[in-house]
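Remarks on the overall topology
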Amino acid sequence: MKPHLLLICLLFAFKSSLAQDSDSITVILKISDEIGLDVEEAFVRITQSDDNYEVTSNQNGEAICRLERFGEIKATIKHPLFVKRSITEEIYENTRLDTIYYKVVLTSIRSLNLEEVRVSAPGMPEVIFGSKLKSVQDFEILDNGDVILLAYPKQLKKGSQLLLYNMVDLVKDSIELELEAIELTRDYEGHVYLIHTSGCKQIVVNENAIETTDINLFYYNRYIKPIIGVSEQKMFFSTYDALYPEFDYYFFDVKDSIYEKFATVKDAEMLEEYRAEYRFADMYDPIEVRRKLNAKNYELATGIDAEIYYGRKYFTRTVYYESPFAPMFKVDNSLYLFDYHCDSLKNYNLDGELFSSVSISHDHQRRKLGWQKVLVQDRLKRVIYVLYERGGFCYVNKVNLITGKLQEPIKLNHRYVEGVQIHNGFVYYIYRPFESYQKKHFWREKLPN
């Protein structure tokens, strides 16, 4: 009896294996580049129904996976030297094959002809990213240390590309932009946005892949850009308007659902000239007479002061107008307001109460000192810097937030650098040698401790 029982078990196991084989099929993705060379170590994610499979291509460019015999499959192929590719295929019910081949051709990222890596002495500038074919236009550093680069081959308006770079030697992902990009920017939470001529896109990094979501530009400028920071139950924002020389800082209490103004910035001299544009209009000029009449009619219809309407529409277009400049930064549990219109650095607590105020004068003698009207915050080190430029060289000055005084200036090594940002004790910027044909590279320098 025992030999017969063993034979029955073997037959049952054989039939089960045949049934399993009949319910599955081998799918092989043959991955190559544009000239037919096999692509090794490409990461492939395959989705079938609710199941996900992850494989890597071998030295022959083959990504092999065992799947169910029937149904739709979706595959995403990634490689640091190639543009990400997604395909969708169908395994039909009438197929009798045991193995199916799909050919996938990847497009090279032509911007990745990187220069050799050089080890620099501490404090010396070093190239973080450089290409012989593309220039870096803008960048934003992510909280995890990676960086998003906006690059272009010849002209920004003729095509550009977003790169996710790991700050060492690897482009994790890239996407082509068919729109005319303008700049990269970030909000108070560190989310990165791409401003372009047609609107705005939010850039999301999901598992080392770049994704973009369209956002209304008006919504971004109105509801995201003005926010300075948040606490456990308050959100701090400004009513800044580049076309009016006065604005306020508010907080919104989420718990009580109330808005409260806690600071006001006013350029009194500019505001007086702003309003005087209406009062001193040339009454012998029929055009200006018509403008004043329109402004008065607008005041009667809307209640908005005719002097404000007139100044906003006409004075702001002259060379005499300057937008107000009084940025606020949230550092730990304090809000620091650099009110240059009254020469003071004000410290508020998170309840909007003025804690201290000290005098500042580092914006005086602008032409002589080369003040750039730019303040940069190192969010990780919780430090704020003021930028100057003299003789083409950029100088970085750390601000003592208690006294308002500046520490000794730190001179960067290159002239005419662009887009200076400071992150975790390093200065990052875009630079190419003056009057050279070299593409603009992404550089950094370490600040002294």
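Residues numbered from 1 in each chain as written. Predicted model: local features only at pLDDT ≥ 70, side-chain atom pairs only at ≥ 80, totals over all residues. Heavy atoms only, no water.

Across the sheet, which stays open at both edges, the 4 strands sit in the order 17-18-19-20 with antiparallel pairing between neighbours. On the outer flanks of this sheet lie strand 17 (227-230) and strand 20 (258-266), each paired with one strand and no other. Each neighbouring strand pair of the sheet contributes to a mean axis angle of 15°, computed without reference to strand direction. (Pairing = 2+ DSSP bridges. Helix = DSSP H or I, 4+ residues; strand = E, 2+ residues; numbered from the N terminus. Axes fitted to C-alpha atoms, helices over the stretch in contact; angles between N-to-C directions.)

On the surface, a cluster of nonpolar side chains totalling about 360 Å² of accessible area is made up of Phe218, Tyr219 and Tyr223. Here Tyr219 shows up in helix 2 (residues 217-224). For Tyr219, a relative accessible area of 43% corresponds to the partly exposed category. (Patch = residues over 30% accessible without salt bridge, like charges linked within 9 Å, V, L, I, M, F, W, Y side chains within 5 Å. Areas by Shrake-Rupley, 256 points an atom, 1.4 Å probe, with all protein chains shown as cover. Salt bridge = Lys/Arg side-chain N within 4 Å of Asp/Glu carboxyl O. Buried < 20%, exposed > 50% of the residue type's maximum accessible area, 1.4 Å probe, protein only.)

Spatially, the 4 strands line up as an open sheet ordered 9-10-11-12, and their pairing is antiparallel. Either end of the sheet is taken by a strand with one partner, and the two such strands are strand 9 (135-141) and strand 12 (171-177). Ignoring strand direction, the axes of neighbouring strands in this sheet form an average angle of 20°. As defined by bridge partners, strand 10 (residues 147-152) adjoins strand 11 (residues 160-165) across 5 bridges and the pair is classed as antiparallel. Across the sheet, the residue bridging to Leu149 is Leu163, located in strand 11.

Taken as a whole and judged by the stated rule, the model has 19 salt bridges. In this structure, Glu207 engages Arg45 in a salt bridge whose closest nitrogen and oxygen atoms are separated by 3.3 Å. Of the two residues, Glu207 is situated in the loop between strand 15 (199-205) and strand 16 (210-215) and Arg45 in strand 2 (residues 43-48); the sequence distance between them amounts to 162 residues. A relative accessible area of 58% places Glu207 in the exposed class. Judged by its relative accessible area of 26%, Arg45 falls in the partly exposed class. The salt bridge involving Arg444 is made with Glu126; its shortest N-O contact spans 2.9 Å. Placement of the pair is Arg444 in strand 31 (residues 441-446) and Glu126 in strand 8 (residues 126-129), with a sequence separation of 318 residues. Each of Glu272, Arg275, Arg279, Asp305 and Glu307 takes part in a single network of salt bridges with overlapping partners.

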